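Structural overview
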Amino acid sequence: MRALRIATDTTVMELDLPETSAHSAIRDHIRATDAVDQAAYHQWALLHIHGDGRATGLTQNIAAWALASAWRGMALYSISGPVVVTGRAQDGEVTGLDASLARHAHAVAQTVRDTLGQWRTRPPASNGAALNELLAYAARDIAPSP
């Protein structure tokens, strides 16, 4: 089953999860021993997030945050640690990730990586300006092509 792992350094890795033990494989990929939260920020996708990531001090995952925020259409709370993105079946169960949603994730992660690099020489005016810039770019990345 197709899935993606978005690391905190903005890299995206293609995964092939086993059909019968997908939840266990997801837990391994995000390095969670207990809680794995599932969040539906898109009708046809699930983000699997380390349930204790913020509390245990995992690094923020800006690329996953930008993707989830763009899909939801608003700035969301921060996301910490690696994230696995899967598809979401009509009944809410985990399924393979659609190719167009995978392209969204790759595009947003690349944009975040590029933007963070540009900020080294051209820092944003404020935290709010930085968030707005990332959200605008991410929204552009997921917009349907004409």
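Residues numbered from 1 in each chain as written. Predicted model: local features only at pLDDT ≥ 70, side-chain atom pairs only at ≥ 80, totals over all residues. Heavy atoms only, no water.

1. Some thoughts on the pairing of strand S5 (residues 83-88)
- Across the six residues of S5, five count as buried, placing the element largely inside the fold.
- Of the pairings in the sheet, the one linking strand S4 (residues 45-50) to S5 comprises five bridges and is antiparallel in character. Bridging from a neighbouring strand, Ile49 pairs with Val83 of S5.
- In this sheet, strand S6 (residues 94-95) lies alongside S5 in antiparallel orientation, the contact comprising two bridges. Among the inter-strand pairings, Arg88 is bridged to a residue of S6, identified as Val94.
- Remark: five residues form the turn of the hairpin made by S5 and S6, two consecutive strands paired antiparallel; Gly92 in that turn has positive phi of roughly 90 degrees. (Buried < 20%, exposed > 50% of the residue type's maximum accessible area, 1.4 Å probe, protein only. Helix = DSSP H or I, 4+ residues; strand = E, 2+ residues; numbered from the N terminus. Pairing = 2+ DSSP bridges.)

2. Some remarks on the confidence of the model for the protein chain
- Scored by pLDDT, the protein chain comes out at a mean of 93, with 99% of its residues at no less than 70.
- When the elements of the protein chain are averaged for pLDDT, helix H1 (residues 22-29) gives the smallest value, 89, and strand S1 (residues 2-6) the largest, 98. (pLDDT = per-residue confidence, 0-100.)

3. Some words on the packing of helix H3 (residues 99-119) against helix H4 (residues 127-142)
- Two elements in contact, H3 and H4, have axes separated by 9 Å at closest approach and are oriented at 145 degrees. Handedness of the crossing formed by H3 with H4: right-handed. Packed against H3, whose contacting residues are His104, Ala107, Val108, Thr111, Val112, Thr115 and Trp119, the element H4 presents Ala130, Glu133, Leu134, Tyr137, Ala138, Arg140, Asp141 and Ile142 at the interface. (Axes fitted to C-alpha atoms, helices over the stretch in contact; angles between N-to-C directions. Left-handed = near helix turned anticlockwise from the far one by under 90°. Contact = heavy atoms within 4.5 Å.)

4. Details of the packing of helix H2 (residues 62-72) against H3
- Contact geometry of H2 with H3 gives a least axis separation of 9 Å together with a crossing angle of 125 degrees. Taken as axis vectors, H2 and H3 run oblique relative to one another. With respect to the hand of their crossing, H2 and H3 are arranged in right-handed fashion. Across the interface between the two elements, Ile62, Ala63, Ala66, Leu67 and Trp71 of H2 pack against Leu101, His104, Ala105, Val108, Ala109 and Val112 of H3.
- Here the contact of H2 with H3 is built from residues that sort into ten nonpolar, one polar and no charged. (Parallel < 35°, antiparallel > 145°, perpendicular 65-115°, else oblique. Nonpolar A, V, L, I, M, F, W, Y, C, P; charged D, E, K, R; others polar.)

5. Looking at the pairing of S1
- The buried count for S1 comes to four of five residues, which makes it a mostly enclosed element.
- Relative to S5, S1 runs antiparallel, the two being bridged by three bridges. Paired with Arg5 across the two strands is Val84, which belongs to S5.

6. A closer look at the side chain of Thr86
- Along the chain, Thr86 turns up in strand S5.
- Within polar-contact distance, the side chain of Thr86 engages the side chain of His48 at 2.8 Å.
- With residues near it in sequence (within four places) discarded, Thr86 still touches Ala3, Leu17, Ile26, Trp44, Ala45, Leu46, His48, Val94, Thr95 and Leu97. (Polar contact = N/O pair within 3.5 Å; in protein donor to acceptor, adjacent residues only side chain to side chain.)

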